[in-house]
Amino acid sequence: MIIDLPSTTTSTISKKLVQLREEVGSMALGRVLTLLVICDEADIDRAIDVANDASRQHPCRVVCIVSANARGAARIDAQIRLGGDAGASEVVVLRLYGPLTKQGKSVIIPLLLPDSPIVAWWPTEAPLDPGQDAVGAMAQRRVTDAAASRRPLAALKARGANYLPGDTDLAWTRLTLWRAQLAAALDQPPYANVTSAVVTGATDSPSATLLAAWLTFALKCPVTLARSRAGSGIISVRLTRANDVIDLVRPTGETATLTQNGQPDRRIALPHRSDAECLSDELRRLDPDDIYEEALLKGVPKLSTRPGTTAAKAEAEGEAPSVAEAAKTVRRLRRANAGVASNAMVTAAPEAAGAEAAGTPKTTT
């Protein structure tokens, strides 16, 4: 259900929400927070889709603030979305005109859920200092996305220069699976200290920078960031210990290989995380992310800045794992797993036939 309210006021919007709640049965008591989405007109539809998906795990009121035309008279054009058009949330879209484009905070205050947390999210370009932004200052958590900026690495640098507790970035949240796999690998013997690490990632990937920064701070060892072509994301991580090397490589797609001395090669799922998954993770916790803070403020400044360290050079000199070899390993393990599954089906058939002959009831699924 979509209701348009042109040239309206926040009081009218609030009354309409109450009326719809009584008529449709939408319960405000089920909303756990208010999610403020600040973006341009060109990005609003995609942002609402992402917020709707995330709200299925965290029912909330989504208030989208769109700065339209700053010229002309002050005006608010609103839109309310409920039911199938709003996921598990209720969505209010505010298009601000004239002087109101600079008064977003005053406009949204009457629409905040009482006595509930506030999360601000900038899907694309964010203020250089989100914590000092008029809307951002209202929120317990401020979610940005350096990767969606026109200059991703410059945006990440600004995040560090202006960090306040409660800030986070989806470039960090996208690392969750990589961090989990690396931590699990280090939990296996031998329990030796990592002496060096190499992260291979795209020149425009703030996630690669944050991953290298996290390893720098967590492992207290030199970490080199080898840059690959723009748009390639994170490709590999090599952790070197005294008598052991751990390689985690995602050559293409959603599958990676994990190789380690003295252990069989493993093929693991390492998918690219969607924005909805990442936003849902950030809505799950409303306290400051201390690990992100340490990676951003203590890890990034310590990163190795060796000039000319490219992915191709690091691979050629044996500092980074071979992507081509990892791709071959993926294909080999896939064929091996397919063979095991085929043999299991062949050996299972006589057992099933015998069970049926012995009087086991036959069922269908």
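Residues numbered from 1 in each chain as written. Predicted model: local features only at pLDDT ≥ 70, side-chain atom pairs only at ≥ 80, totals over all residues. Heavy atoms only, no water.

S.K.: Would you explain empty space enclosed by the protein in this entry?
M.R.: Left-over empty space is what a probe sized like a water molecule reveals as it rolls over the atoms. Summed over the entire model, instances satisfying the criterion amount to one cavity of 30 Å³ or more. Approximately 50 Å³ is the volume attributed to the largest cavity. As for the largest cavity, its lining consists of Pro130, Arg142, Thr144, Arg159, Tyr163, Asp167, Thr168, Tyr292 and Leu296. Contributing elements (two or more residues each) for the lining of the largest cavity: β7 (141–144), β8 (167–169) and α9 (290–299). (1 Å grid on protein atoms, 1.4 Å probe; cavity = no way out; pocket = protein on both sides within 12 Å on 5 of 7 lines; lining within 4 Å. Points joined across faces, edges and corners; volume = space filled by probe spheres on them. Helix = DSSP H or I, 4+ residues; strand = E, 2+ residues; numbered from the N terminus.)

S.K.: Honestly, helix α8 (residues 275–284) in this entry has me stumped. Any pointers?
M.R.: In an α-helix, one turn spans 3.6 residues, which is why side chains three or four residues apart end up on the same side. By the criterion of burial, α8 is predominantly enclosed, with eight of the 10 residues buried. Where α8 is concerned, the buried positions are Asp275, Ala276, Cys278, Leu279, Ser280, Asp281, Glu282 and Leu283. (Buried < 20%, exposed > 50% of the residue type's maximum accessible area, 1.4 Å probe, protein only.)

S.K.: Just to check I follow, could you spell out the nonpolar core for this structure?
M.R.: A general tendency of soluble globular proteins is for nonpolar side chains to be buried together. Leu182, Val199, Leu210, Leu211, Leu215, Val237 and Leu239 are the most contacted members of the largest nonpolar core, which has 35 residues in total. Leaving out residues up to four positions away in the same chain, Leu239 has contacts with Leu182, Leu186, Val194, Ser196, Ala197, Leu215, Leu219, Asp244, Val245 and Ile246. Counting residues in hydrophobic clusters, the runner-up holds 28 residues, among them Leu17, Leu20, Leu112 and Ala126. (Core = buried A, V, L, I, M, F, W, Y, C linked by side-chain atoms within 4.5 Å. Contact = heavy atoms within 4.5 Å.)

S.K.: Would you take a moment to explain the sheet that holds strand β12 (residues 244–249) for this structure?
M.R.: Two strands in a sheet stick together by hydrogen bonds in their backbones, pointing the same way (parallel) or opposite ways (antiparallel). On the basis of which strands lie adjacent, the open sheet formed by six strands has the order β10-β9-β11-β12-β13-β14 and mixed pairing. In the strand order of this sheet, the two ends are held by β10 (223–228) and β14 (263–269), each with one partner. Neighbour to neighbour, the strand axes of the sheet diverge by 10° on average, direction disregarded. Pairing of β12 with strand β13 (residues 255–260), which is carried by four bridges, proceeds in the antiparallel orientation. Bridge pairing in β13 places Leu248 opposite Leu258. (Pairing = 2+ DSSP bridges. Axes fitted to C-alpha atoms, helices over the stretch in contact; angles between N-to-C directions.)

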